[in-house]
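Fold and geometry: a report
Listed here are the chains, written in short residue letters.
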Amino acid sequence: MHFLKQAPAAPLSPFVLGYWFIQDLKGAYSGRPIQTSPSPAAVLTLNFGRPCSSDFAAGAPRASLLGVQSRRRVWRSGEGCAFVMVMLKPAGLARLFPASGRSTGDDLLELGAVLGDGQTRRLLEDLSAAWEPHQVTPRLDAWLLQRLSMTKPLPETERLARAWEVLRRTSRVDAAARAVDVSTRQLERGFQEHVGHSPRQLLALERIHSSLLAAQTGQGDPLQGFSDQAHRIRTWRRYLGLTPGRLDRATRSMMADYFNPSREGSPAAALAHFL
């Protein structure tokens, strides 16, 4: 299994965490279930080889848009699997694919259903012609920058981005609403429309994401945001289907070790945790 992470162009940093290239050309993980945790992120996946299988009804399209997930997912690799994941912040999903939250939240769509088959096919053909990550990255940058120029920034999506930063800092929905001069109800409708989850749900995903990250890497406080250990255990069971103690006893996979955000060149916050 081969992994590589690339940073996006600087103008994309408010929207994109990074590009993650994954290849299983020899089928090293073939048939073995790989679990990914919930996280406050969306993922644009573009396959160069045979798509991996997943537990989504949409199957394994060559290009897909995966919305913010509130539950763990399982997918399986196989010989010939090779793809790049564009890791989108909530603001990136709202800005690059406006009003897609309701249809992608906890679900996956074929990219053709979002952009149209012609545009999706041209994107895949352009990337497949490049193949090597160092060639694909500037093409992804160019395509995403072009998409930014084509999608007019809406006041509501700009408010959402600012509100999310306040929400992460304060953990208070009312404070986030005041910061962008809307009611809490208006803010909740905006998050549901563009991210597919309410502000409180997204905050819970951020909390479980940060807790799991701290437990896996030893960096940060895995109890941060929880009232006590019992609260943390209940939340882990709900979102991850396991307890912190069980994670400590589990054998870490090669993928979990690789996506440790302490590694040089990794994104500031990893969005997928492989258990």
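Because the structure is a prediction, the values reported are computed rather than measured.

With respect to the pairing of strand S2 (residues 16-24)
Across the 9 residues of S2, 9 count as buried, placing the element largely inside the fold. Here 5 bridges tie strand S1 (residues 2-6) to S2, and the two strands are oriented antiparallel to one another. Bridge pairing links Leu4 to Phe21 in S2. Where S2 meets strand S8 (residues 81-88), 8 bridges bridge the pair, whose relative direction is antiparallel. Bridging across to S8, Phe21 finds its partner in Val84.

Here we look at the pattern of salt bridges
Inspection of every chain in the model, using the stated rule, returns 7 salt bridges. For Glu193, the salt bridge identified is with Arg102, shortest N-O distance 2.9 Å. Taken together, the positions of Glu193 in helix H8 (residues 184-194) and Arg102 in helix H2 (residues 101-104) put the pair 91 residues apart, joining distant regions of the chain. Asp174 is the salt-bridge partner of Arg172, the closest N and O atoms lying 2.6 Å from each other. A relative accessible area of 46% means that Arg172 is categorised as partly exposed. A single salt-bridge network, built from bridges that share partners, covers Arg172, Asp174 and Arg178.

Observations regarding the sheet that holds strand S7 (residues 73-76)
Strands sit in the order S3-S7-S5 across an open sheet of 3 strands; the sheet is antiparallel. Edge strands, defined here as strands with exactly one partner in the open sheet, are strand S3 (33-36) and strand S5 (53-54). For S3 and S7, the ladder comprises 4 bridges, and the chain directions are antiparallel. When the sheet's bridge partners are listed, Pro33 is paired in S7 with Arg76.

Things to note about the confidence of the model for the chain
The predicted coordinates of low-pLDDT regions are not to be read in fine detail. Per-residue confidence for the chain gives a mean pLDDT of 85; residues scoring 70 or more make up 87%. Here helix H12 (residues 254-258) is the element of the chain with the lowest mean pLDDT, 56, and helix H7 (residues 173-179) is the one with the highest, 96. Scored below 50 in pLDDT, residues 261-275 shows 51 contacts in the model against residues more than four places distant or in partner chains.

Here's the deal with the packing of helix H4 (residues 117-130) against helix H5 (residues 133-150)
Where H4 meets H5, the closest approach of the two axes is 8 Å, and the angle between their N-to-C directions is 155°. The angle between the axes of H4 and H5 places the two elements in the roughly antiparallel class. Our pair here, H4 against H5, has a crossing hand that is right-handed. Each of Gln119, Leu123, Asp126, Leu127, Ala129 and Ala130 in H4 lies in contact with H5, whose residues at this interface are Gln135, Val136, Arg139, Leu140, Trp143 and Arg147. For the contact of H4 with H5, a count of residues per class yields 7 nonpolar, 2 polar and 3 charged.

Quick look at the packing of aromatic side chains
Any aromatic ring pair is given by two values, namely how distant the centres are and how the planes are angled relative to each other. All told, the structure shown has 1 aromatic pair when counted by the stated rule. Geometrically, the ring pair formed by Trp75 and Phe83 is edge-to-face, given 5.8 Å between the ring centres and 85° between the ring planes. Phe83 shares its class with Trp75; the two are buried. Looking at Lys5, its charged tip hangs above the ring of Trp20, at a distance of 5.8 Å from the centre.

Parameters and conventions
Residues numbered from 1 in each chain as written. Predicted model: local features only at pLDDT ≥ 70, side-chain atom pairs only at ≥ 80, totals over all residues. Heavy atoms only, no water. Buried < 20%, exposed > 50% of the residue type's maximum accessible area, 1.4 Å probe, protein only. Helix = DSSP H or I, 4+ residues; strand = E, 2+ residues; numbered from the N terminus. Pairing = 2+ DSSP bridges. Salt bridge = Lys/Arg side-chain N within 4 Å of Asp/Glu carboxyl O. pLDDT = per-residue confidence, 0-100. Contact = heavy atoms within 4.5 Å. Axes fitted to C-alpha atoms, helices over the stretch in contact; angles between N-to-C directions. Parallel < 35°, antiparallel > 145°, perpendicular 65-115°, else oblique. Left-handed = near helix turned anticlockwise from the far one by under 90°. Nonpolar A, V, L, I, M, F, W, Y, C, P; charged D, E, K, R; others polar. Phe/Tyr/Trp six-rings, centres within 6.5 Å; stacked < 30°, edge-to-face > 60°. Lys NZ or Arg CZ within 6 Å of the ring centre and 35° of its normal.

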